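# An overview of the molecular structure
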Amino acid sequence: MSGFSRTVTCVVPGFSRTVVEVHDACLADATVRDSFPPMIRRLNHPNWGTRVSAAAIEDCTAELEQGAVLFLPELAFDVRWDEKPHFSPTVAAAKNVSFDPSTGRLGGAAVKNVRDAQAETPGSLDSLSAMLGRFSAAAASLVDALFPTYGPRLQRARASFRPAEIAGRQTTWRHDDTRLHIDSFPATPVQGRRILRVFTNVNPDGRSRSWRIGEPFEDVAQRFGGQLRLPLPFSGVMLKAVGITRSRRSAYDALMLQLHDRMKADLEYQTKAPQTAIDFPAGSTWIAFTDRVSHAAMAGQYQLEQTFLLPVDAMEQPERSPLRILERIKKRALV
Ligand code: SIN
Ligand code: FE
């Protein structure tokens, strides 16, 4: 084992004092593989580049599918000098700026804030879009190199720039990502597809992004599975018809949304569930299936993120997917 763990008491905003395990050495030794739970798998992969030599890349696909967070401590994203104005307090008022790589367009309510904040600098939205476009392409090259078996079945979805400080942000419990949860999209159903995300901490002041990582998905699903109710027939079609969702919300999507909510609403679970605190340093990148890895983002500012969707039958081990796990618990097909 590459390090030791200690148990500390730390204050999780909105909750009573919480005992969180901290793995001190898990970020310290770049050559030794971490093996304690949760699985933080270090990868010394310093470039975004496309395929190096296949033999030079360690295959972490199986571990990723089992719930590991792949941590690439040396993989930073270069922000250009003319992109520095995006790292300002006024832009930071925006929670999330989304980017659609298929159109190059920025989206989200935050764009207005960005536009207002940068009114004096014409072209700055174009520059933000260009930065996100560069990141999106880099993330696509990275996953292409790291997970060659997925190939073209891995679909590139939206990217985002997250300029706001997470700690202390006022929001509803459902939107509060400082609570442990699995990712599930209310408006854009995935119909069983996996949610794979690449995160890069681009904090210009060297500040880490602090996460908590919770118990394995199998345990989460067993704990809450009995409380998850199958949706009424045709409710998924109705939600699409009235414009609440962009496509049909499958039974799987409905159960994953409930699971997300049950986890966040349960304050005892938040404080008592097995969990580990981890700091991702500025200039590092990490990758996880966030529909499976229970996570909470506690503190940090300025992050880039790219989402990919993967059909379950493109996985090396489809039985590890939340879809198949929930289907086993519910004893029926969910998509
Ligand atoms: C989340 O997906 O819960 C937020 C992750 C982050 O912004 O660090
Ligand atoms: Fe999340």
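Heads up: these notes are all about the structure in this document. (Residues numbered from 1 in each chain as written. Chains lettered and ligands numbered in written order. Predicted model: local features only at pLDDT ≥ 70, side-chain atom pairs only at ≥ 80, totals over all residues.)

## Describing the overall build of the chain
So the rule is basically this: By definition, any uninterrupted DSSP run of H or I lasting at least four residues is a helix, any uninterrupted run of E lasting at least two residues is a strand, and each is numbered from the N terminus. With C-beta atoms placed from the backbone, a residue is buried if 20 or more other C-beta atoms are within 10 Å of its own, exposed if 12 or fewer are, and partly exposed between those counts. Once C-beta atoms have been placed from the backbone, residue pairs whose C-beta atoms lie within 7 Å are recorded as contacts.
Looking only at helices and strands, one finds nine helices and 13 strands in the chain. The buried share of the chain, reckoned over its 335 residues, is 37%. Nonlocal contacts in the chain, meaning residues at least 24 apart in sequence, comprise 80% of its contacts between residues at least 6 apart.

## Thoughts on the environment of Phe135
Topologically, Phe135 is positioned in helix α4 (residues 124-146). Setting aside its immediate chain neighbours within four residues, Phe135 contacts Phe77, Ala159, Leu304 and Gln306.

## Digging into the environment of Leu310
Within the secondary structure, Leu310 is located in strand β13 (residues 303-310). Assessed through the 21 C-beta atoms surrounding it within 10 Å, Leu310 is described here as buried. Separated by 114 residues in sequence, Leu310 and Leu196 have C-alpha atoms that sit 7.4 Å apart. With residues near it in sequence (within four places) discarded, Leu310 still touches Tyr150, Arg153, Leu154, Arg193, Arg194, Leu196 and Met315.

## Looking at α4
Note that an α-helix has 3.6 residues per turn; residues three or four places apart therefore point the same way. Formally: To estimate how far a helix should reach, multiply one less than its number of residues by 1.5 Å.
Compared with an ideal rise of 1.5 Å per residue, which puts 23 residues at 33 Å, α4 spans 33 Å between its outermost C-alpha atoms and is within 8% of the ideal. Restricting attention to buried positions, one finds in α4 the residues Leu128, Met131, Leu132, Phe135, Ser136, Ala138, Ala139, Leu142 and Leu146.

## So, unusual backbone geometry
Working note: non-glycine residues mostly have negative phi, and peptide bonds are mostly trans. Despite not being glycine, Gln191 shows a phi value in the positive range, around 50°. As for its position among the elements, Gln191 is in the loop between β7 (155-162) and β8 (194-201).

## Observations concerning the sheet that holds strand β3 (residues 40-42)
The test is simple: Note on pairing: DSSP must find at least two bridges between two strands before they are called paired. In this analysis an axis means a line fitted to C-alpha atoms, helices contributing only their contacting stretch, and an angle means the value between N-to-C directions, from 0 to 180 degrees.
Taken in spatial order, the eight strands line up as β3-β4-β11-β8-β13-β7-β5-β6 in an open sheet, and their pairing is mixed. Unpaired on one side and paired on the other, β3 and β6 (105-107) mark the two borders of the sheet. For this sheet, the mean inter-axis angle between neighbouring strands, taken without regard to orientation, is 25°. Looking at chain direction, β8 and strand β11 (residues 285-289) are connected through five bridges and run antiparallel. Residue pairing across strands places Val198 opposite Ile287, the latter belonging to β11.

## Brief notes about the packing of helix α5 (residues 217-224) against helix α9 (residues 322-330)
How we decide: In this scheme the handedness of a crossing depends on how the near helix is turned from the far one: anticlockwise by less than a right angle means left-handed, clockwise means right-handed. Any residue that is not Ala, Val, Leu, Ile, Met, Phe, Trp, Tyr, Cys, Pro, Asp, Glu, Lys or Arg is counted as polar, Gly included; the first ten are nonpolar and the last four charged.
Between α5 and α9, whose axes approach to 10 Å, the crossing angle comes to 35°. In this structure, α5 crosses over α9, and the sense of that crossing is right-handed. Here Phe217, Glu218 and Ala221 of α5 lie close against α9, whose contacting residues are Pro322, Ile325, Leu326 and Ile329. The class makeup of the residues in the contact of α5 with α9 is six nonpolar, no polar and one charged.

## So, the pairing of strand β9 (residues 209-213)
Where burial is concerned, most of β9 is hidden: four out of the five residues are buried. Judged from the five bridges that link them, β9 and strand β10 (residues 276-280) form a sheet pairing that is antiparallel. In the sheet register, Arg212 faces β10, and the bridge partner there is Ala277. Note: β9 against strand β12 (residues 295-299), four bridges, orientation antiparallel. Of the residues in β12, the one forming a bridge with Ile213 is His295.

## Remarks on the nonpolar core
How we decide: A set of buried Ala, Val, Leu, Ile, Met, Phe, Trp, Tyr and Cys residues, joined through C-beta atoms within 7 Å, is what we mean by a nonpolar core.
With 68 residues, the main nonpolar core has Val69, Leu70, Leu255 and Trp286 as its most contacted residues. A total of eight residues in this core trace back to one element, the largest contributor, which is α4. Every residue in contact with Leu255, bar those within four places of it in the chain, is listed here: Leu228, Leu326 and Leu334.

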